[in-house]
Amino acid sequence: MQKYHHAALGGTFDLLHAGHIALIDKAFALSKLVTIGLTTDNFAKKNKSTFQNYATRLKNLKAYLASKNYLKRTKLITLEDIYGNATKDKSLDLIVVSKETSNNAEQINKARTKSKLNKLKVVIVTQVLAKDRKPINSTRIRSGEISKEGKNYLELLYKISGKQLPQTTRAKLKIPFGKIVKIDSKLKSYSIVGVGDITVSNLIRNKILPKISIVDFYVERKLAFNSLTQLGFGAANADVIVKNEAGQISKNLIISIKKALDSNNSSVIVVDGEEDLATIPAILLSPLGTKVIYGQPHKGAVLVEVETNIKDKLCKLLGI
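Here is what the cut-offs are and how they apply
Residues numbered from 1 in each chain as written. Predicted model: local features only at pLDDT ≥ 70, side-chain atom pairs only at ≥ 80, totals over all residues. Heavy atoms only, no water. Helix = DSSP H or I, 4+ residues; strand = E, 2+ residues; numbered from the N terminus. Contact = heavy atoms within 4.5 Å. Pairing = 2+ DSSP bridges. Axes fitted to C-alpha atoms, helices over the stretch in contact; angles between N-to-C directions. Phe/Tyr/Trp six-rings, centres within 6.5 Å; stacked < 30°, edge-to-face > 60°. Buried < 20%, exposed > 50% of the residue type's maximum accessible area, 1.4 Å probe, protein only. Polar contact = N/O pair within 3.5 Å; in protein donor to acceptor, adjacent residues only side chain to side chain. Salt bridge = Lys/Arg side-chain N within 4 Å of Asp/Glu carboxyl O. Parallel < 35°, antiparallel > 145°, perpendicular 65-115°, else oblique. Left-handed = near helix turned anticlockwise from the far one by under 90°. Nonpolar A, V, L, I, M, F, W, Y, C, P; charged D, E, K, R; others polar. Arc of directions from axis to C-beta.

Caption draft 1: Spotlight on the side chain of serine 213. For serine 213, the location among the structural elements is in strand β8 (residues 212-215). When near neighbours in sequence (up to four residues on either side) are disregarded, serine 213 contacts Gly194, Val200, Phe233, Ser267, Val268 and Ile269.

Below is the structure:
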């Protein structure tokens, strides 16, 4: 039985994650009706430099509400400021906020008092922590650090590091994770990770310097290059040389990719062994929006635009 009649809840709901869901679920657990205010793109710009557009955020929010059968008890409004309809709606008796936005609730109650409306009961929802005991937020998700559920990708990768991946898993990885593309100047972007000698060579030939280039000098298990110069690099030295056995992902390879992603400079990683599975940590650790391009034997170059659904699909395939 809900204790309140009509609750208010507002936010940007960018990359709808476990922290947002805790707020939403709490509001519906406490109130029969919930008005949810979704910030406009213009209002969101005041607090965030990067976020999903309004249409995408609304679509994802509605999808979650529908999945929990909340829609019939929901009133969705657009927020141009922190107040929305909270200073006018007499039926409201509750506002649900996070600790970070609790000050907004105070301002709303001050405005309601001036309008001679009852103050809203304020419920502050405890911050949801990721597996690493740090807060879940869209900034960490967008940077590639954690999933929307709070899983830390680096920790997940360490669980499988140095272990032979099952043949069944490796067979599934041979199915392209993205679209087959022609490498040309249209792909120009600073946020590109190139995996594989032919892929990297083609990128360099088209005057595209990847953020990270991962090579091992072999093509289909045969020595094809003897140096980075042959691949098209002006410099002959790698930024790092790391050992990696066939059929597995070494911890040092994972760490090298993570450091390269965190660096402000472009990096070249030469693998002593086999780089085929480097695509996995490249996808999981990369910020959203990064383009990971790798070679698929007999098919061509595969372009993966890193998004949360791609990371989820890969984690499921790996069983992590």
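That covers the picture; the talk isn't over yet.
Caption draft 2: Here's a closer look at the sheet that holds strand β4 (residues 94-98). Within the open sheet, the five strands sit side by side as β3-β2-β1-β4-β5. Their pairing is parallel. The two strands at the open ends of the sheet, each matched to only one other strand, are β3 (74-79) and β5 (121-125). Across the sheet, the mean angle separating the axes of adjacent strands is 25° when strand polarity is ignored. As paired strands, strand β1 (residues 4-11) and strand β2 (residues 31-39) are joined by seven bridges and run parallel to one another. Across the sheet, residue histidine 6 finds its bridge partner in β2, namely leucine 33. Packing against the sheet, helix α3 (residues 54-67) makes contact with β2 and β3, and its axis sits at approximately 160° to β2. Against the sheet, helix α4 (residues 102-114) engages β4 and β5, with an angle of about 150° to β4.

Caption draft 3: Just the environment of lysine 114, in detail. Take lysine 114: it is sitting in helix α4. Spatially, the C-alpha atom of lysine 114 lies 34 Å from that of alanine 55, the residues being 59 residues apart in sequence.

Caption draft 4: Local environment of the packing of aromatic side chains. Counted according to the given criterion, the structure contains two aromatic pairs. With 4.0 Å between their ring centres and 0° between their planes, phenylalanine 28 and tyrosine 70 make a pair best called stacked. A residue pair is termed long-range when its members are at least 10 positions apart, and phenylalanine 28 in helix α1 (residues 18-30) and tyrosine 70 in the loop between α3 and β3 qualify at 42 residues. The class of tyrosine 70 is buried, set by a relative accessible area of 10%. Relative to tyrosine 70, the ring of tyrosine 64 lies with its centre 6.4 Å away and its plane at 70°, an arrangement referred to as edge-to-face.

Caption draft 5: Expanded view of the side chain of threonine 290. Relative to the helices and strands, threonine 290 resides in the loop between α11 (279-285) and β13 (291-296). On the accessibility criterion, threonine 290 (6% relative accessible area) is buried. One polar contact links the side chain of threonine 290 to the main-chain carbonyl oxygen of proline 287, over a distance of 2.8 Å. If we ignore the near neighbours within four places in the chain, the residues touching threonine 290 are Ser191, Val193, Val304, Glu305 and Val306.

Caption draft 6: Molecular detail of the sheet that holds strand β6 (residues 179-181). Strand order in the open sheet formed by seven strands is β6-β14-β13-β7-β8-β12-β11, and the pairing between neighbours is mixed. With one partner strand each, in any of the chains shown, β6 and β11 (240-244) form the two edges of the open sheet. Strand after strand, the sheet turns through a mean of 25° between neighbouring axes, direction not considered. Of the pairings in the sheet, the one linking strand β7 (residues 192-195) to β8 comprises three bridges and is parallel in character. Within β8, the position partnered with glycine 194 by the bridge is serine 213. The strands touched by helix α10 (residues 251-262) are β7, β8, β11 and β12 (267-273); relative to β12, the strand with the most contacts, the crossing angle is about 175°.

Caption draft 7: Summary view of the pattern of salt bridges. Applying the stated criterion to the full structure yields ten salt bridges. As a salt-bridge pair, aspartate 14 and arginine 142 come within 2.8 Å of each other at their nearest N and O atoms. Note that aspartate 14 is positioned in the loop between β1 and α1 and arginine 142 in helix α5 (residues 138-142), a separation of 128 residues in sequence. Neither residue differs from the other here; aspartate 14 and arginine 142 are each classed as buried. Between aspartate 132 and arginine 140 there is a salt bridge whose closest N-O contact spans 2.5 Å.

Caption draft 8: Fine view of the packing of helix α6 (residues 153-160) against α10. Contact geometry of α6 with α10 gives a least axis separation of 9 Å together with a crossing angle of 160°. In terms of their interaxial angle, α6 and α10 are classed as roughly antiparallel. The handedness of the crossing between α6 and α10 comes out as right-handed. Across the interface between the two elements, Leu154, Leu157 and Tyr158 from α6 touch Lys251, Ile254, Ile255 and Lys258 from α10. Residue classes in the contact of α6 with α10 are distributed as five nonpolar, no polar and two charged.

Caption draft 9: Layout of helix α12 (residues 308-318). Among all positions of α12, only Thr308, Ile310, Lys311, Leu314, Cys315 and Leu318 are buried. Projection of α12 onto a plane perpendicular to its axis shows the buried side chains occupying an angular sector of 160°, all on one side. Turned more than 90 degrees away from the buried face of α12, the exposed residues are Asn309 and Lys316. Those residues of α12 that are buried are in contact with α5, α6, α7 (167-173), α11 and β14 (300-305). Following α12 by one or two positions, glycine 319 adopts a phi angle in the positive range, close to 70°.

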